[in-house]
Amino acid sequence: MTALEPGDADVASAAPSGISGPSAAPAPVAAPAPVRGWRGGVLGPEHRALSISIVAVVLLIAFEATAVGTAMPVAARELDGVSLYAFAFSAYFTTSLFAMVLSGQWSDRDGPLAPLVTGVGAFAVGLLLSGAAGSMWVFILGRAVQGLGGGLVIVALYVVISRAYSERLRPAMMAAIAASWVVPSVVGPLAAGTVTEHLGWRWVFLGIPVLVVPPLVLAVPAVRRMASGTAAPPAASSGKAEKAGAPGEAGAPGEAGTSGKEAGFDRRRIRLALGISLGAALLQYAGQDLRLLSLLPAAAGLAFLVPAVLGLLPGGTWRAARGLPSVVLLRGVASGAFVAAESFVPLMLVTQRGLSPTMAGLSLAVGGATWALGSYVQSRPRMEPYRGRLMAGGMVLVALAIAAAPSVLIDAVPVWVVAVAWAFGCLGMGAVIASTSVLLLQLSAPEEAGSNSAALQISDGLANVLLLAAGGAAFAALGGGAVGAVGHAASDVTATASHPAAFAAVFLPMAVVALAGVWVATRVGAGGRGAGR
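Residues numbered from 1 in each chain as written. Predicted model: local features only at pLDDT ≥ 70, side-chain atom pairs only at ≥ 80, totals over all residues. Heavy atoms only, no water.

**Student:** How do you make sense of the confidence of the model for the protein when you look at a structure like this?
**Tutor:** Any region with low pLDDT has predicted coordinates that should not be read closely. Per-residue confidence for the protein gives a mean pLDDT of 77; residues scoring 70 or more make up 78%. At the level of individual helices and strands, the protein shows its lowest average pLDDT in helix α19 (residues 483-492), which scores 39, and its highest in helix α16 (residues 387-404), which scores 95. With pLDDT under 50 throughout, residues 234-262 is counted as low confidence; its partners more than four residues away or in other chains account for 77 contacts. This model gives residues 482-496 a pLDDT under 50, and the stretch forms 25 contacts once residues within four places in sequence are excluded. (pLDDT = per-residue confidence, 0-100. Helix = DSSP H or I, 4+ residues; strand = E, 2+ residues; numbered from the N terminus. Contact = heavy atoms within 4.5 Å.)

**Student:** Teacher, can you tell me more about the packing of aromatic side chains here?
**Tutor:** Within a pair of aromatic rings, the relevant descriptors are the distance that separates the centres and the angle that separates the planes. Evaluated as defined, the whole model comprises 8 aromatic pairs. On the numbers, 6.0 Å between centres and 85 degrees between planes, the contact of W201 with F205 is edge-to-face. With relative accessibility at 2%, the residue W201 sits in the buried group. A ring pair is formed by F344 and F475, whose centres lie 5.0 Å apart and whose planes are at 55 degrees; its orientation type is tilted. In this pair, F344 is assigned in the loop between α12 (324-342) and α13 (345-353) and F475 in helix α18 (residues 449-477), connecting sequence segments 131 residues apart. Neither F344 nor F475 differs from the other in exposure class; each is buried. Among the aromatic side chains, those forming a connected cluster through ring pairs are F139, W201 and F205. (Phe/Tyr/Trp six-rings, centres within 6.5 Å; stacked < 30°, edge-to-face > 60°. Buried < 20%, exposed > 50% of the residue type's maximum accessible area, 1.4 Å probe, protein only.)

**Student:** Looking at this model, I keep getting lost on unusual backbone geometry. Mind explaining?
**Tutor:** Trans is the common state for peptide bonds, and a negative phi is the common state for residues other than glycine. The backbone phi angle of A320 is positive, close to 55 degrees, even though this residue is not glycine. Mapping A320 onto the fold places it in the loop between α11 (295-312) and α12.

**Student:** Honestly, the nonpolar core in this entry has me stumped. Any pointers?
**Tutor:** Side chains of a nonpolar character, in soluble globular proteins, are inclined to be buried together. Core analysis: the largest hydrophobic core is formed by 141 residues, its most contacted members being F139, I402 and W422. Among the elements that take part in this core, helix α1 (residues 48-78) stands out by supplying 14 residues, more than any other. In contact with F139, not counting residues within four places along its chain, are M72, A75, L79, A88, S130, A133, W201 and F205. (Core = buried A, V, L, I, M, F, W, Y, C linked by side-chain atoms within 4.5 Å.)

**Student:** I'm lost on the environment of R271 in this one. Help?
**Tutor:** Tracing the backbone shows R271 in helix α10 (residues 267-287). Separated by 37 residues in the primary sequence, R271 and A308 place their C-alpha atoms 8.3 Å from one another.

This is how it looks when you write it as structure tokens:
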């Protein structure tokens, strides 16, 4: 669940809330009554090919996200790059931050098809680079290229959903995306472990690219038919133009306005996107080096990061202004706290309670099913009036799960407590992540769907980077050891026990962050549209 999400893939409620909502209308004319049943749903004749192709793309990303964590320690050891272990993860996140902004601009200008196809292609190329790498730096380069592809894909998918699906169908589509993480979250680590053991870690990366062809063949004609072209400007789409309109109405070929192409890319936003990626990378580097000298890259990172964040996120995000700013902020708070905590759960179980890496990973596997359940619950029409309460309740579950996890540091507490707590935490995350995606699309004008979806994903990805860096620094400072050493030790199942306080220093602050999300969730319902500045 950490990758798209990530969350991402995750999922939300109607537009990337979990792939969002992070990640991703109709004019007031006589519209037919909503069609009930599968024939008028996401698997109805009109949407079937597009829905299946979207889920297939997310499945591939989910398998990669869940499998890479299993193969990464072995890859780092064989490439003599254990000291660079953390950068294999941060390279993906930092380049994806830039790609999200680029994808939002590209999708609003030309439609989501080009960034979607380019992103899937870049993702495959990155996998090939990593799988064929002869050194750790080439491996990291491959991960960076994967991040570019992943960032392009997630925002493009949000825009596809906002254009091709009516507001009534978006929550169901977000639930389908969440459900597509269930099998990979259970099978991915086991499959990757088996492949790594019998064929070698390289095939975890080299075996996926060939699988991207079928989803692309299915997706391209469906996206071109239902979601291509530029978004219609407000004057051409009265009121909430796409919100209740027919699929593809806001961006059907030949019907869209030309303002997007005339405007071109916003160079200022592209520069800010580069700044946010560079700033996040410098902070991640500083977080792994606790020497006094690391204050220099940390200061430089903040100098790049702060103005970029203020320029790319909706005005009022940092003070939780009602409406869209709070939706974007909540996405980052929820994802960042959960991912930072989850990253240390397997390590805690291996080093403190003696579980094997496989068993430690499986202790979190049930979370894939409860995450999908949470996303399904938010997709029910009867839950729409209570979405704000549902999100607040979800954040309560997340905070309680994170706070309960370190209880297994006490020998008398059975290890299954973590599995139960994380199942409830994932239930809350499924409801929150999907709902943020749904609300984002509800609050976004058609021509702003790309930029606002990018803002949602930036909040998600940036919070992951910053809170992981903060957690890692606290962990190392209190006797947890370097991240590289952690990866090596875990892979050999002979890790030396870290000080229990190091784990508590990660989980308890993240529980406080999640608890703050309960208040933010109370502010998502009121307010209006607002594009990133």
